[in-house]
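Observations on chain architecture
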Amino acid sequence: MAPAAWTGLFVAIYLAVLPMADTIALRNLALACLLVCLAWQFRSIRGELRFGWPILLWAAYLLLFPLMADDHQTAWKSLGGQWGRGLLAMVAGGGAAVILSRRLPVGNMLLVLGAISAAPNLVHLVMFAWKAVEGGSLPWGYWGRETHHADLGYAAGHATILLMAAFMTGEKRIRWLAVLLTLAAVASTLAAQSRAGVAFAVFGAMLILVPSVLFRPLRDNRLVWRTFGLGAMGVVALFVFAFNVDPRWHNLTSELQPGFLGQPVQIECEGEPAISGAVLNKYGSLDRAPWAVEGIVRGDGSRVVLLRAGIELAASHPWGSDGSRQAFQKLLQQVCPEPAIRMAHTHNGWIDTMLAIGWLGAALYLGVLLAYLRQGWTGLRSDGPVRSWGLVLVALSVFWIVRGGTDSVFRDHMLEMQGFMLAFAASAMRLCGRSKA
């Protein structure tokens, strides 16, 4: 095969397995092979590969951070284990775009990338259907081969952005395929009973549709308004259905409110005694709010407590800790060696990044996402393929900035997803702009 064909093959494998559980070895192998392909073609792409100063500052900080960290050895391991792979994914995404973006029309390219990104969701739906046939009923909450429903949500979020962009910019013959794949991705999160997955898959689609309504549409006005109208009705129907099949939606507000009670670090350290005291102070009796303690320990209230505890720890550790995934646990154990409530992280990407690599590290990564957002916004003022990639770049940047406020997504394979696809869209947009000029 030609070098470009090998590049396309490894991009497909990498994107397909990237959000999947238990594929670390395969995704690392695919990334390594992709980087080898790019090195093989370096002479032809070196003049087109560009990374702005926010990305260079981010990379420099990550390389220097282990020298400043409390635990140098763990910080170096973390650099190789997650932060460094995110940087390599950016290089791979930018280089792959140089080689592949001119091979297909932009709409077709977006459709292919979206379909590959939705691979985990499609596999899940097949397994869900098979289990339904075997069991004679719909197995709501079944995750298929995944170990957590969140991975299905991450895949669906990326897929809906790319597929809806293909719908808005592609040829008529591919539009309905893009719609069907979008519906399949959303249906997967619904079947897995992933609340965040459903919400952010819809959010990703809206990030494409809303700019197409507010600004000069990529296609004719009738297509945009019809799609927006049908999409709005579909969203309402989707959430009504989700509310009926997943009882956790019913208690969302009541479980969040108690999370604001008491001292968060004390609650994490002492557990129910600290929670009971806070509930008694608020409601006068545990019998008047029996759901409050349960909500803080196992329900959505625990997320609020974790967020507040993370903010307190970040305020007292502005330079972070050792860059590891376990930063929250380690810093909490400095306060209480045996926390009564053990959580892996704060369920907030920005707080977890502050705890791992400091306020400056979190600010620099926010700068990277904002830089991509600014690039995309500039592209929205152009026409044709440049505007299409600009729309994708804006949507992806906003998606991950907001998603980081609700879960710990700036780590592991999620960081690779962001780096690869953002760099790919930015390089493709720049190349389309040059060819147009």
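All values derive from a computational prediction rather than experimental measurement. (Residues numbered from 1 in each chain as written. Predicted model: local features only at pLDDT ≥ 70, side-chain atom pairs only at ≥ 80, totals over all residues. Heavy atoms only, no water.)

Side note on the overall build of the protein
- Tallying secondary structure elements over the protein gives 20 helices and zero strands in all.
- Looking at the 437 residues of the protein, the share that counts as buried comes to 55%.
- Surface accessibility of the protein: about 19,000 Å² in total, with carbon and sulfur atoms responsible for 65%. (Helix = DSSP H or I, 4+ residues; strand = E, 2+ residues; numbered from the N terminus. Buried < 20%, exposed > 50% of the residue type's maximum accessible area, 1.4 Å probe, protein only. Areas by Shrake-Rupley, 256 points an atom, 1.4 Å probe, with all protein chains shown as cover.)

Comments concerning the environment of Leu-100
- Relative to the assigned elements, Leu-100 resides in helix α5 (residues 72-100).
- For the pair formed by Leu-100 and Gly-8, sequence separation is 92 residues and the distance between their alpha carbons is 7.1 Å.

Observations concerning the state of the cysteines
- A full pass over the atoms with the stated rule returns one disulfide.
- The disulfide that involves Cys-269 links it to Cys-336, with 2.0 Å between the sulfurs. Measuring handedness by torsion sign, the sulfur bridge of Cys-269 and Cys-336 sits at about -75° and is left-handed. With Cys-269 in helix α13 (residues 264-270) and Cys-336 in the loop between α17 (327-335) and α18 (349-379), the pair connects residues that are 67 residues apart, well separated along the chain.
- On the accessibility criterion, Cys-269 (15% relative accessible area) is buried.
- On the basis of relative accessible area, Cys-336 is assigned to the buried category, the value being 10%.
- Looking at the unpaired Cys-33, the closest cysteine sulfur is the one in Cys-37, lying at 7.0 Å.
- Judged by relative accessible area, Cys-37 falls into the buried class, the value being 6%. (Disulfide = S-S within 2.5 Å.)

Some words on the side chain of Ser-117
- Assignment of secondary structure puts Ser-117 in helix α6 (residues 106-117).
- Within the structure, the side chain of Ser-117 is placed 2.8 Å from the backbone oxygen of Leu-113, a separation counted as a polar contact.
- When near neighbours in sequence (up to four residues on either side) are disregarded, Ser-117 contacts Ala-155, Ala-159 and Leu-162. (Polar contact = N/O pair within 3.5 Å; in protein donor to acceptor, adjacent residues only side chain to side chain. Contact = heavy atoms within 4.5 Å.)

Considerations on the nonpolar core
- Trp-58, Tyr-372, Trp-389, Phe-420 and Phe-424 are the most contacted members of the largest nonpolar core, which totals 112 residues.
- Not counting the four nearest positions on each side in its chain, Trp-389 is found in contact with Val-106, Met-109, Leu-110, Leu-113, Phe-424, Ala-425, Ala-428, Met-429 and Cys-432.
- In terms of nonpolar packing, the next biggest core, distinct from the first, is built from five residues, Ala-274, Ile-275, Val-305 and Ile-341 among them. (Core = buried A, V, L, I, M, F, W, Y, C linked by side-chain atoms within 4.5 Å.)

Topic: the packing of helix α1 (residues 3-17) against α5
- Between α1 and α5, whose axes approach to 10 Å, the crossing angle comes to 135°. It follows that α1 is oblique to α5 by the angle criterion. α1 and α5 meet at a crossing whose hand is left-handed. In contact with Ala-4, Thr-7, Gly-8, Val-11 and Tyr-14 of α1, α5 contributes Ala-89, Ala-96, Ile-99 and Leu-100.
- Split by residue class, the contact of α1 with α5 holds seven nonpolar, two polar and no charged. (Axes fitted to C-alpha atoms, helices over the stretch in contact; angles between N-to-C directions. Parallel < 35°, antiparallel > 145°, perpendicular 65-115°, else oblique. Left-handed = near helix turned anticlockwise from the far one by under 90°. Nonpolar A, V, L, I, M, F, W, Y, C, P; charged D, E, K, R; others polar.)

Comments concerning the side chain of Asp-322
- The topology assignment puts Asp-322 in the loop between α16 (301-316) and α17.
- We classify Asp-322 as buried; its relative accessible area is 5%.
- In terms of polar contacts, Asp-322 uses its side chain to reach the side chain of Ser-324, at 2.7 Å.
- Sequence-distant contacts of Asp-322, that is, excluding residues within four places in its chain, are made with Phe-65, Ala-69, Asp-71, Thr-74, Ala-75, Ser-78, Lys-330 and Ala-356.

What about the packing of helix α7 (residues 119-135) against helix α9 (residues 172-191)?
- With their axes 9 Å apart at the nearest point, α7 and α9 run at an angle of 60° to one another. Taken together, α7 and α9 sit at an angle that is classed as oblique. Considering only the axes of α7 and α9, their crossing is left-handed. Between α7, through Asn-121, Leu-122, His-124, Leu-125 and Phe-128, and α9, the contact on the second element is made entirely by Leu-181, Ala-184, Ala-185, Ala-187, Ser-188 and Ala-191.

Quick word on the packing of aromatic side chains
- Per the counting criterion, the structure on display carries 15 aromatic pairs.
- Ring geometry for Tyr-61 versus Phe-65: centroids 6.0 Å apart, planes at 40°, classification tilted. On the criterion of helical spacing, the pair formed by Tyr-61 and Phe-65 is a turn pair, its members being four residues apart in helix α4 (residues 53-68).
- Accessibility expressed as a relative area gives 7% for Tyr-61, which makes it buried.
- Plain terms: the ring middles of Trp-389 and Phe-424 are 5.9 Å apart, the flat faces sit at 55° to each other, and that makes the pair tilted. Here the residue Trp-389 occupies a position in helix α19 (residues 384-403), and Phe-424 occupies one in helix α20 (residues 412-436), the gap between them amounting to 35 residues. We note that Trp-389, like Phe-424, is buried.
- Chaining the aromatic ring pairs together yields one cluster made of Trp-58, Trp-83, Trp-350, Tyr-365 and Phe-410. (Phe/Tyr/Trp six-rings, centres within 6.5 Å; stacked < 30°, edge-to-face > 60°.)

Digging into the confidence of the model for the protein
- Across the protein, the average pLDDT comes to 85, with 83% of residues at 70 or higher.
- Between the elements of the protein, mean pLDDT differs from a low of 58, seen in helix α12 (residues 252-256), to a high of 95, seen in α18. (pLDDT = per-residue confidence, 0-100.)

As for the environment of Arg-403
- Tracing the chain through its elements places Arg-403 in helix α19.
- Separated by 246 residues in the primary sequence, Arg-403 and Gly-157 place their C-alpha atoms 9.7 Å from one another.
- Here the side chain of Arg-403 touches Thr-406 through a polar contact of 2.8 Å, side chain to side chain.

Structural notes on a nonpolar patch on the surface
- On the surface, Leu-64, Leu-67, Met-68 and Trp-76 cluster together into a nonpolar patch covering about 430 Å² of accessible area.
- The biggest single contributor to the nonpolar patch is α4, with three residues.
- Of note, Leu-64 is situated in helix α4.
- For Leu-64, a relative accessible area of 49% gives the class partly exposed. (Patch = residues over 30% accessible without salt bridge, like charges linked within 9 Å, V, L, I, M, F, W, Y side chains within 5 Å. Salt bridge = Lys/Arg side-chain N within 4 Å of Asp/Glu carboxyl O.)

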